[in-house]
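Secondary and tertiary structure notes
Here is what each chain is made of, one letter per residue.
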Amino acid sequence: MVRHIAGHLAQALLLLIVVVVAIFCLLQLIPGDPVQAMVGDMPVPPALRAALEQRFRLNEPFLDRLFGYLSNVAHGDLGYSMNYRRPVFDILAERFPRTLLLAGIGYAFGILIGIAIGIHSAVTPHRGVDRAWSSLMLIGYAMPTFWVGQLLVLTFSIQLGWLPTQGMGPMISRAEGIDWLIERATYLVLPVATYTILETTRVARFMRASVAETLEQGYIVTARQKGLTRHEVIMGHVVRNSVLPVITVMGYSFGTAMGGAVLLETVFSYPGMGSLMVEAVRARDTQVIVGVVIVVACSVVVMNIIVDLLYAWLDPRIRVAAAAR
Amino acid sequence: MALDLVRRLFATRFGGIGVVILLAVSILSILAPFFASSGPEDIGSPSMLPPSWQHPFGTDSLGRDVRSVLLYAGRSSLTIGFCAAAMAFLIGGTIGALAGYFRGPLAAVLLRVTDLFHTLPAIIIVLFSVSLLGASFWLQVAAVALAIWPIEARLVYGQFITLSEREFVLAARAAGLSTGHLIFREILPNALPTVIVQVALDASTAILIEAGLGFLGLSDPTVPSWGEMLNRGQEFLELAWWMSVFPGMAICIAVLGFNLFADGVTEMFNPRATAAPPKLEG
């Protein structure tokens, strides 16, 4: 088991290093003055230019610079944002947990609801139910995420006035304790709901297909023949076996969820990593863009490891094979 | 032959609807001048009129007829969808085919590169490229293609791996036919149904990515697109819902068209894949 985990970790680390190297090489390809690119659309005083050239070893050979950059990244030094006048690492440390909160809740809800819909869609004997769910999920899938967000804002904030339109909390708040929590939660409702809709449509499609495949297996027929009720077969055999592939797929697509944050946070002006990326692209703040890309790559890789471990733990075949080694 | 394929596609559950939607959206966009009441830049009307008989989708903040802009904008959105998917197919197909046919160290390297791109979410890759290269229309198409090709590569690779072991390919190989013949005449035609499905899905993904890019205000500002219309609409969401609702619907319909078409093709070549599952009675 330890070897199994160690192997995965080593692979993940290698992938991360390759991502950073690839980004570094891409940055070398940009035409123009690297110092200017780092500073953004602002004039560069000669003293700053000299300092930057020395710090990023701009006058040294390519490989020296590459190793210098890798060692900086490994030490958590992701550069300095001229736009925010703060180290990139500090900005990311502030923004990342917010995105994780938003994406995490939406993701969890989406997986649970999606699995339920997928099962209901596949096992209900009435064919109309299946069709209705499938059509609904397909339409949900076809809608751009941010547009769903806009529609929710139109309905629940602008027309009905139930929930705030944007932000993470009110400008001035005197609420404390539980009241503060509730106040914050109202701001999260619409973004989380949008996220949930997005994830639900994806999970439900996978889950339906997976359950349909499981139902064709011989052991389902056997289970029925040995006298288990429909309910027992579904809970005991179908769900267990169908959930595994769905969990894998969803785990590997966590990156897509992080990507979804880019658009969603913009709709709701939620100050997370997605809106940071957009602000950085608009300001041509390359250091921040690279920082966000590295953090997203890291979180995807970490999520993949978690899924691998979860899978190994859930699937006895892998658990036993790994233990036997 | 072609007619027969079309008939079979229409016989599937959703394939026919998909084709009709795609044709309708394409024709409406290509023949935009016939269906629009004014040009895409025509700002003659009062601004932000709600939907009425004269302006069925209302007018926008600049006083343009939303329906007319929508029709013209469809051109660039669909172009991005088709072209980015075609480019992704060319890049991903080539890499997948090379890796799947020749295997060995070449395949290992190519698959690692594919994984690398696959690690990052598409929209992040597109934003990264746009921030580096700028946002002219064709660079944007290339950026979207760059983000979606890994899925295509994975798929073609898988197809080549399975198909090159099949008897008819082994027979052709034993008969001493050239590598080119094996790849283009034996394996590729048999991989085509699966690949077509993925290209259609890629086109819908490309349209969604373009919509996101336009919405963020990062698409080519000189070319009207559905995403760009949504970007303009966001500012006036409280005053003019029609500026956001209709472009979003257009995107939704086009994406739905591609997906239904893909579902139809899958069902046509592999009826078991999408047929209703056996139900547990009792």
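These numbers come from a predicted model, not from an experiment.

Before going further, it helps to examine the overall build of chain B. Looking only at helices and strands, one finds twelve helices and zero strands in chain B. Sequence-ordered secondary structure for chain B, helices as α and strands as β, is α-α-α-α-α-α-α-α-α-α-α-α. Burial analysis of chain B (282 residues in total) assigns 48% to the buried set.

Here we take up the overall build of chain A. Across its full length, chain A holds 14 helices and two strands. Here chain A holds 325 residues, and 36% of them are scored as buried.

Residue and element names in this part refer to chain A. For Ser 269, which is not glycine, the phi dihedral falls at a positive 45 degrees. As for its position among the elements, Ser 269 is in the loop between helix H11 (254–267) and helix H12 (273–283). Residue classification places Ser 269 among the exposed residues on the basis of 12 C-beta atoms within 10 Å.

The subject of this paragraph is the interface of chain A and chain B. Contact residues are listed per partner, giving 46 residues for chain A and 38 residues for chain B. When residues in the side of chain A that touches chain B are grouped by element, the largest group, seven residues, is from H11(A). Taken together, the residues that form the side of chain A that touches chain B break down as 36 nonpolar, five polar and five charged.

Turning to helix H10 (residues 226–235) of chain B, a few remarks are in order. With eight of ten residues buried, H10(B) lies mostly within the body of the structure. Within H10(B) the residues assigned to the buried category are B:Trp226, B:Gly227, B:Glu228, B:Met229, B:Leu230, B:Asn231, B:Arg232 and B:Gly233.

On to the packing of helix H8 (residues 167–174) of chain B against helix H9 (residues 179–215) of chain B. Helix packing for two helices is described by the angle between their axes and how far apart those axes are. Residues and elements named next belong to chain B. The contact between H8 and H9 brings their axes to 10 Å, and the two run at 155 degrees. On the basis of the axis angle, H8 is roughly antiparallel to H9. Crossing angle aside, the handedness with which H8 passes H9 is right-handed. Where H8 approaches H9, its residues Phe 168, Val 169, Ala 172 and Arg 173 are matched on the opposing element by Leu 182, Glu 186 and Ile 187.

What follows concerns the nonpolar core. Within the largest apolar cluster, 149 residues are counted, with the highest numbers of intra-cluster contacts made by A:Met277, A:Val292, B:Ala84, B:Val126, B:Val144 and B:Ile148. For this core, the leading source of residues is helix H11 (residues 242–269) of chain B, giving 15 residues. Dropping the residues within four chain positions of it, B:Ile148 is found in contact with B:Ala84, B:Ala88, B:Ala122, B:Asp202, B:Thr205 and B:Ala206.

Let's shift gears to the packing of helix H7 (residues 137–163) of chain B against H9(B). All names here are of chain B. Taken N-terminus to C-terminus, the directions of H7 and H9 make an angle of 155 degrees; their axes are 9 Å apart at the nearest point. Regarding the angle of H7 to H9, the classification is roughly antiparallel. The hand of the H7/H9 crossing is right-handed. On H9, the residues that touch Gln 140, Val 144, Ala 147, Ile 148, Ile 151, Glu 152, Leu 155, Val 156, Gln 159, Phe 160 and Leu 163 of H7 are Ile 187, Asn 190, Ala 191, Thr 194, Val 195, Gln 198, Asp 202, Thr 205, Ala 206, Ile 209, Glu 210 and Leu 213. Of the residues belonging to the contact of H7 with H9, the class tally is 14 nonpolar, six polar and three charged.

Attention now moves to H11(B). Relative to the 40 Å expected for 28 residues at 1.5 Å per residue, H11(B) spans 41 Å between its end C-alpha atoms, a close match to the ideal helical length. Across the 28 residues that make up H11(B), a large majority, 24, are buried.

Residue and element names in this part refer to chain A. Relative to the elements of secondary structure, Ala 209 occurs in helix H8 (residues 177–215). A tally of 19 C-beta atoms within 10 Å means that Ala 209 is categorised as partly exposed. The spacing of Ala 209 and Leu 27 is 182 residues in sequence and 42 Å in space, taken between C-alpha atoms.

Once that is clear, we can look at the environment of A:Ala108. All names here are of chain A. Its location among the elements puts Ala 108 in helix H5 (residues 88–123). Using a count of 14 C-beta atoms within 10 Å as the deciding quantity, one classes Ala 108 as partly exposed. Sequence-wise, Ala 108 and Gln 225 are 117 residues apart; in three dimensions their C-alpha atoms are separated by 36 Å.

Further remarks concern the confidence of the model for chain B. The predicted model of chain B has a mean per-residue pLDDT of 79, with 85% of residues at 70 or higher. Reported confidence for the predicted complex is 0.75 by ipTM and 0.81 by pTM.

Turning next to the environment of A:Asp130. With respect to the element layout, A:Asp130 can be found in helix H6 (residues 127–142). Residue class for A:Asp130 comes out buried when judged on the 20 C-beta atoms lying within 10 Å of it.

Conventions we followed
- Residues numbered from 1 in each chain as written.
- Chains lettered and ligands numbered in written order.
- Predicted model: local features only at pLDDT ≥ 70, side-chain atom pairs only at ≥ 80, totals over all residues.
- Helix = DSSP H or I, 4+ residues; strand = E, 2+ residues; numbered from the N terminus.
- Buried ≥ 20, exposed ≤ 12 C-beta atoms within 10 Å, placed from the backbone.
- Contact = placed C-beta atoms within 7 Å.
- Nonpolar A, V, L, I, M, F, W, Y, C, P; charged D, E, K, R; others polar.
- Axes fitted to C-alpha atoms, helices over the stretch in contact; angles between N-to-C directions.
- Parallel < 35°, antiparallel > 145°, perpendicular 65-115°, else oblique.
- Left-handed = near helix turned anticlockwise from the far one by under 90°.
- Core = buried A, V, L, I, M, F, W, Y, C linked by C-beta atoms within 7 Å.
- Expected span 1.5 Å × (residues − 1).
- pLDDT = per-residue confidence, 0-100.

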